[in-house]
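Chain by chain, the residues run as shown.
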Amino acid sequence: MKHIIVLALIFLMAGHSHGQNLTLSKNLEPIDLWKSNMPDQGGLRGSEIISDKGSVTHVSIPRLIVHRPEHPNGTAILVISGGGYAHIEMGKESTPAADWLKSQGVTAFELIYRLPQEAWPSTDVPFEDAQRAVRLIRSMAVNYGIDPHKTGVLGFSAGGHLAGITATLSDKRFYRPVDSVDSLSSRPDFMGLIYPVISMLPPNNKTHSSKSILGLHPTVPQEAAFSVEQQVTAGTPPTFLAQATDDPVSPVANSYLMEAALQKAGVPAEMHIFKIGGHGWGMGKPGSEAAQWPDLFRSWTQHNGFWKK
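Remember, it's a predicted structure, so these values are computed and weren't measured experimentally.

1. Some points on the overall build of the protein
Here is step 1 of the chain: For the protein, the count of helices and strands is 8 helices and 14 strands.
Here is step 2 of the chain: Scaling as 2.2 N^0.38, a compact globule of 309 residues should have a C-alpha radius of gyration of about 19 Å, and the protein matches this with 18 Å.
Here is step 3 of the chain: Considered along the principal axes of its C-alpha atoms, the protein spans approximately 50 × 45 × 40 Å.
Here is step 4 of the chain: As displayed, the protein has an accessible area near 12,600 Å², and 53% of this comes from carbon and sulfur atoms.

2. Remarks on the pairing of strand β14 (residues 269-274)
Here is step 1 of the chain: The pairing of strand β13 (residues 239-244) with β14 spans 6 bridges and is parallel. Residue pairing across strands places A244 opposite F274, the latter belonging to β14.
Here is step 2 of the chain: Taking the sense of rotation as the criterion, the β-α-β connection linking β13, helix α7 (residues 253-265) and β14 turns out right-handed.

3. Comments concerning the nonpolar core
Here is step 1 of the chain: The biggest cluster of nonpolar side chains holds 59 residues, and the ones touching the most others in it are L64, L78, F109, L111 and M258.
Here is step 2 of the chain: In terms of residue count, the dominant contributor to this core is helix α2 (residues 125-139) (7 residues).
Here is step 3 of the chain: Excluding residues within four positions of it along the chain, F109 makes contact with L64, I65, V66, A76, I77, L78, V79, I137, M140, Y144 and I146.
Here is step 4 of the chain: By size, the runner-up hydrophobic cluster in this structure holds 25 residues, among which are V106, F190, F240 and M283.

4. Some thoughts on the confidence of the model for the protein
Here is step 1 of the chain: Per-residue pLDDT for the protein has a mean of 91; in total, 91% of the residues score no lower than 70.
Here is step 2 of the chain: Ignoring residues within four places in sequence, the model shows residues 1-26, a span with pLDDT below 50, making 64 contacts including any to other chains.

5. Some details on the sheet that holds β13
Here is step 1 of the chain: Taken in spatial order, the 8 strands make up an open sheet running β4-β7-β10-β8-β11-β12-β13-β14, and their pairing is mixed. Lying at the two open borders of the sheet, with one neighbouring strand each, are β4 (28-32) and β14. Between one strand and the next, the sheet's axes are offset by a mean angle of 20°, whatever the strand orientation.
Here is step 2 of the chain: Two elements, strand β12 (residues 190-194) and β13, share 4 bridges in a ladder whose sense is parallel. Along β13, the bridge assignment pairs L193 with L241.
Here is step 3 of the chain: The strands that helix α1 (residues 90-103) touches are β7 (63-67), β8 (76-80), β10 (107-112) and β11 (151-156); relative to β10, the one it contacts most, it runs at about 160°.
Here is step 4 of the chain: Strands β8, β10, β11 and β12 of the sheet are contacted by helix α4 (residues 158-168), whose axis makes an angle of about 145° with β11.

6. Comments concerning the environment of I213
Here is step 1 of the chain: In this structure, I213 sits in helix α5 (residues 208-214).
Here is step 2 of the chain: Linking I213 and Y85, residues 128 residues apart in sequence, is a C-alpha distance of 7.5 Å.
Here is step 3 of the chain: Beyond its immediate chain neighbours, meaning those up to four positions away, I213 contacts Y85, P116, T123, P126, F127, M200 and F226.

7. Describing the pairing of β10
The side chains of a regular strand alternate between the sheet's two faces.
Here is step 1 of the chain: Taken across its 6 residues, β10 has 6 buried, putting it largely inside the fold.
Here is step 2 of the chain: Of the two faces of β10, the one lined by T107, F109 and L111 and the one lined by A108, E110 and I112 are each fully buried.
Here is step 3 of the chain: Examined bridge by bridge, β7 and β10 share 5 bridges and lie antiparallel to one another. Within the sheet, the bridge partner assigned to H67 lies in β10 and is A108.

8. Overview of α1
Here is step 1 of the chain: Buried within α1 we find M90, G91, E93, S94, T95, A97, A98, W100 and L101.
Here is step 2 of the chain: Downstream of α1 by one or two residues, G105 has phi in the positive range, about 95°.

Cut-offs used in this document
- Residues numbered from 1 in each chain as written.
- Predicted model: local features only at pLDDT ≥ 70, side-chain atom pairs only at ≥ 80, totals over all residues.
- Heavy atoms only, no water.
- Helix = DSSP H or I, 4+ residues; strand = E, 2+ residues; numbered from the N terminus.
- Rg over C-alpha atoms; globule rule 2.2 N^0.38 Å.
- Areas by Shrake-Rupley, 256 points an atom, 1.4 Å probe, with all protein chains shown as cover.
- Pairing = 2+ DSSP bridges.
- Right-handed = clockwise from strand over helix to strand, strands pointing away.
- Core = buried A, V, L, I, M, F, W, Y, C linked by side-chain atoms within 4.5 Å.
- Buried < 20%, exposed > 50% of the residue type's maximum accessible area, 1.4 Å probe, protein only.
- Contact = heavy atoms within 4.5 Å.
- pLDDT = per-residue confidence, 0-100.
- Axes fitted to C-alpha atoms, helices over the stretch in contact; angles between N-to-C directions.

See below:
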């Protein structure tokens, strides 16, 4: 596959090369998650690599890319692409979603997170980055016109798993606090999970996400510890789910398991199951059944008071 360095990225987003900020659009702003004292330092060094379709690997400097609307409505959403924890599908997932959110007045923050199999000391690095991201967004609420109590997370595929773990295990300390930002809550106020990876327990433990985080021969307790549905409590944020019955990558059972856990815990949830859609549809092909999800998500979020009508 043809690869190009982030400097030449055709998508409107920001990147890094050899540790230097490279902003490709004046409308986008990169913000490093860790100015110093990044936990579990190590991993790969050098330039990030991106495919001609916008799939990112070799992340050495985790960060946010801010999509700032001209008239912010107070809502902030952390947008997380999938890619099986092996790459980050910005081109078809987080960038289009962030652009859409921005057009609706939502301040969107794309997450560029470390990938667990890129020589980091711990496979917890994506969870460290996601926790930090939620806290960092809240710390910048005044600067961006954000209501810190209307801070959500939207995840696709493996990004849905990362969003789900961040939301359900917000009390777990994935890293030692490094500054005052870490005194803020990492619990999102709401979450949207789009064709998500949820369970790492049999029979749903065949995903690339499971292999990337747990390896080839995890124990059942290890699988349970990273199964989102096993972590749901009454304190889990309200949740929106969308998936297709013909999903060949993350079985639709994932969404059903999550909905059942949310119902049992008394957490408000809304689920939409589409007959046709497969996996990795992003915003959805125009005219397709799956393309309904953005409007459904907006209506649900507005109904729950997290997004001004």
